[in-house]
Amino acid sequence: RRKVCGGCLNQVSTSLVRHLLGSEHPLWHTAVPLTGYEISHGGHTSRFDLPAGVAMDRVQLDQSLVNRAIELGVTFVDSTVAKLLEPLAAMIGFGE
């Protein structure tokens, strides 16, 4: 479903998604690099740099992650609530 936020990924999230989906996944072709943001008020503007990150379509990201999980043997049941019991990184061996 469409969501207001959640499509902006920081360096850690980008690395995790790249690890799960691979560097050649089509999502990377439409990802928009995020380098900073601006805040304006009363004729003044301030710019703040961000560490490397990207913005992706949240619906496509979610569906790609579901598809990958199914490829890895997960049984996907839509409209189900799940609770993470241990850190995700430890569960998938990320960072080893």
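Everything below is about the structure shown above.
The shown structure was predicted, so the numbers you read here are calculated from the model rather than taken from an experiment. (Residues numbered from 1 in each chain as written. Predicted model: local features only at pLDDT ≥ 70, side-chain atom pairs only at ≥ 80, totals over all residues. Heavy atoms only, no water.)

Draft legend 1. Just the side chain of T14, in detail. Relative to the elements of secondary structure, T14 occurs in helix α1 (residues 11-21). The exposure class of T14 is buried, given its relative accessible area of 12%. When residues no more than four places from it in sequence are discounted, the contact partners of T14 are L9, W28, G53 and V54. (Helix = DSSP H or I, 4+ residues; strand = E, 2+ residues; numbered from the N terminus. Buried < 20%, exposed > 50% of the residue type's maximum accessible area, 1.4 Å probe, protein only. Contact = heavy atoms within 4.5 Å.)

Draft legend 2. Structural detail: the pattern of salt bridges. Applying the stated criterion to the full structure yields 3 salt bridges. With a shortest N-O distance of 3.1 Å, R68 and E71 are connected by a salt bridge. Separated by 3 residues within a single helix, R68 and E71 lie in helix α3 (residues 58-71), roughly one turn from each other. Residue R68 is classed as partly exposed on the basis of its relative accessible area of 28%. (Salt bridge = Lys/Arg side-chain N within 4 Å of Asp/Glu carboxyl O.)

Draft legend 3. How the structure looks around the environment of A69. Position of A69 among the secondary structure elements: in helix α3. For A69, a relative accessible area of 24% translates into the label partly exposed. Spatially, the C-alpha atom of A69 lies 8.9 Å from that of L20, the residues being 49 residues apart in sequence.

Draft legend 4. How the structure looks around a nonpolar patch on the surface. Side chains of Y37, I39, F48 and L50 sit close together on the surface and give an oily, nonpolar patch of about 360 Å² of accessible area. On the basis of relative accessible area, Y37 is assigned to the partly exposed category, the value being 40%. (Patch = residues over 30% accessible without salt bridge, like charges linked within 9 Å, V, L, I, M, F, W, Y side chains within 5 Å. Areas by Shrake-Rupley, 256 points an atom, 1.4 Å probe, with all protein chains shown as cover.)

Draft legend 5. Highlighting the sheet that holds strand β2 (residues 32-41). Spatially, β1-β3-β2 is the arrangement adopted by the 3 strands of the open sheet, whose pairing is antiparallel. Looking along the sheet, the strands with just one partner apiece sit at the ends: β1 (8-9) and β2. Both β1 and strand β3 (residues 44-55) contribute to a ladder of 2 bridges, which runs antiparallel. Among the inter-strand pairings, L9 is bridged to a residue of β3, identified as V54. (Pairing = 2+ DSSP bridges.)

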